[in-house]
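# Structure at a glance
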Amino acid sequence: MIITIDLDTLALALAHNKVEKKFTDLNIEYTINNYDEFRSFNYTKQAQKDFDKYYKYFYNIIIENQKK
């Protein structure tokens with residue numbers, strides 16, 4: 001059985017986990033709750049910067065490993 005995962009989704013999940021761990025360890029709130037939508041949130045400015053950095057990092061690693 002072969003399981004395929006979209007690389008964007010994988011990079012997104014890895015980046016979110018990294019941001020969540022970092023800010024939780026520092027005991028800093030990293031989300032802004034958005035009650036207009038069901039269970040939705042936005043990142044704070046610093047968390048968004050970190051998320052973008054980690055997303056690009058993980059995305060590039062996944063692409064490089066796909067080519068091998």
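Notes on the structure in this doc start here. (Residues numbered from 1 in each chain as written. Predicted model: local features only at pLDDT ≥ 70, side-chain atom pairs only at ≥ 80, totals over all residues. Heavy atoms only, no water.)

The next thing to look at is the packing of aromatic side chains. Scanning the model with the defined rule gives 6 aromatic pairs in all. Note on F23 and Y30: the rings are 6.2 Å apart at their centroids and 40° apart in plane angle, and the pair reads as tilted. There is no split in this pair, since F23 and Y30 are both buried. Here the basic side chain of K53 rests over the ring of Y54, its NZ or CZ set 4.9 Å away from the ring centre. (Phe/Tyr/Trp six-rings, centres within 6.5 Å; stacked < 30°, edge-to-face > 60°. Buried < 20%, exposed > 50% of the residue type's maximum accessible area, 1.4 Å probe, protein only. Lys NZ or Arg CZ within 6 Å of the ring centre and 35° of its normal.)

Attention shifts here to helix α2 (residues 45-67). Counted at 1.5 Å a residue, the expected span for α2 with its 23 residues is 33 Å, and the 34 Å between its end C-alpha atoms agrees. Taken together, the buried positions of α2 are A47, D50, F51, Y54, F58 and I62. (Helix = DSSP H or I, 4+ residues; strand = E, 2+ residues; numbered from the N terminus. Expected span 1.5 Å × (residues − 1).)

Our next topic: unusual backbone geometry. Located in the positive-phi region is N27, a residue other than glycine, with phi close to 60°. Along the chain, N27 falls in the loop between α1 (7-25) and β1 (31-34).

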